[in-house]
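Single-letter residue listing:
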Amino acid sequence: MNVGEIKTYDVANGTGIRVTVFVSGCTNRCKGCFQPQTWDFDYGEPYTEQMEDFILRELAKPQYKGLTLLGGEPFEPVNQEALAALVRRVKEELPNRDIWAFTGFVYERDLVPGGRKYTEYTDGMLDCIDILVDGPFVEEQRNLCLKFRGSENQRIIDLKETRRTGDVVLSPLNG
């Protein structure tokens with residue numbers, strides 16, 4: 001997996017102050033994407049143990065509310081193994097931090113057993129994520145007034161409740 005950027009003190013990609021990891025590689029290639037350079041799986045730098053340690057050290061600082069994963073596409077199969085290990089480590093070492101992930105895939109179609117992006121690591125990732133913003137960016141549904149989303153088809157999912165109930169539960173942040 002490659003990482004295009006690790007952003008500290010991010011206030012745009014989730015609630016509170018966050019550490020945000022922009023992974024590389026995306027097969028969705030949404031028209032109007034705000035980061036088309038991240039479509040390339042070779043963009044950025046290879047993910048290393050040192051990067052992971054930096055993320056955890058930074059996230060341990062008291063000002064942070066949590067970690068956000070986006071890209072590129074966190075749920076591309078080649079990205080899932082490293083990210084599953086990262087989010088598991090965050091939950092073990094910093095259980096008071098929440099985890100958000102943004103995906104252009106649709107939860108109940110693509111990220112469940114039998115889904116086109118489901119791998120042996122998907123459940124491990126999903127079990128650690130608190131909020132999942134899902135759905136491809138659709139330029140024709142672009143809406144700059146939406147919180148944490150770029151287009152009206154995208155949803156902010158309370159993933160803990162969704163996993164508990166088996167039905168998609170939207171977060172009140174959908175507004």
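Residues numbered from 1 in each chain as written. Predicted model: local features only at pLDDT ≥ 70, side-chain atom pairs only at ≥ 80, totals over all residues. Heavy atoms only, no water.

Can you walk me through the pattern of salt bridges in this structure?
When the charged atoms of two side chains lie near each other, side chains of opposite charge can form a pair. All told, the structure shown has 17 salt bridges when counted by the stated rule. Residue Arg 163 is joined to Asp 123 by a salt bridge in which the shortest nitrogen-to-oxygen separation is 2.9 Å. Separated by 40 residues along the polypeptide, Arg 163 in helix α5 (residues 159–165) and Asp 123 in helix α4 (residues 122–128) bring together distant segments of the chain. The salt bridge partner of Arg 155 is Asp 134, with a shortest N-O separation of 2.6 Å. Taken together, the residues span a long stretch of sequence, with Arg 155 in strand β7 (residues 155–158) and Asp 134 in strand β6 (residues 131–134) at a distance of 21 residues. (Salt bridge = Lys/Arg side-chain N within 4 Å of Asp/Glu carboxyl O. Helix = DSSP H or I, 4+ residues; strand = E, 2+ residues; numbered from the N terminus.)

How should the sheet that holds strand β4 (residues 66–71) be read in this particular structure?
In space, the 7 strands of this open sheet follow the order β3-β1-β2-β4-β5-β6-β7, with mixed pairing throughout. Each of the sheet's edge strands pairs with one partner strand only, and the pair in question is β3 (45–46) and β7. Bridge count for β6 against β7 is 4 bridges, and the pairing is antiparallel. Note that in β7 the partner of Ile 131 across the bridge is Asp 158. Across the sheet, helix α1 (residues 49–59) touches β1 (2–10), β2 (18–23), β3 and β4, and the angle it forms with β1 is around 10 degrees. (Pairing = 2+ DSSP bridges. Contact = heavy atoms within 4.5 Å. Axes fitted to C-alpha atoms, helices over the stretch in contact; angles between N-to-C directions.)

What is the right way to read the pairing of strand β5 (residues 98–102) from this model?
Remark: a regular strand shows side chains that alternate across the two faces of the sheet. With 5 of its 5 residues buried, β5 lies for the most part within the structure. Because side chains alternate across β5, one face comprises the buried residues Asp 98, Trp 100 and Phe 102, and the other comprises Ile 99 and Ala 101, equally buried. One ladder, built from 4 bridges, connects β4 with β5; its direction is parallel. Its bridge partner being in β5, Leu 67 is matched across the sheet by Ile 99. Since β4 and β5 lie parallel, the crossover through helix α2 (residues 77–93) that links them has a hand, and here it is right-handed. As paired strands, β5 and β6 are joined by 3 bridges and run parallel to one another. Looking at the pairing, Phe 102 lines up with Val 133 of β6. (Buried < 20%, exposed > 50% of the residue type's maximum accessible area, 1.4 Å probe, protein only. Right-handed = clockwise from strand over helix to strand, strands pointing away.)

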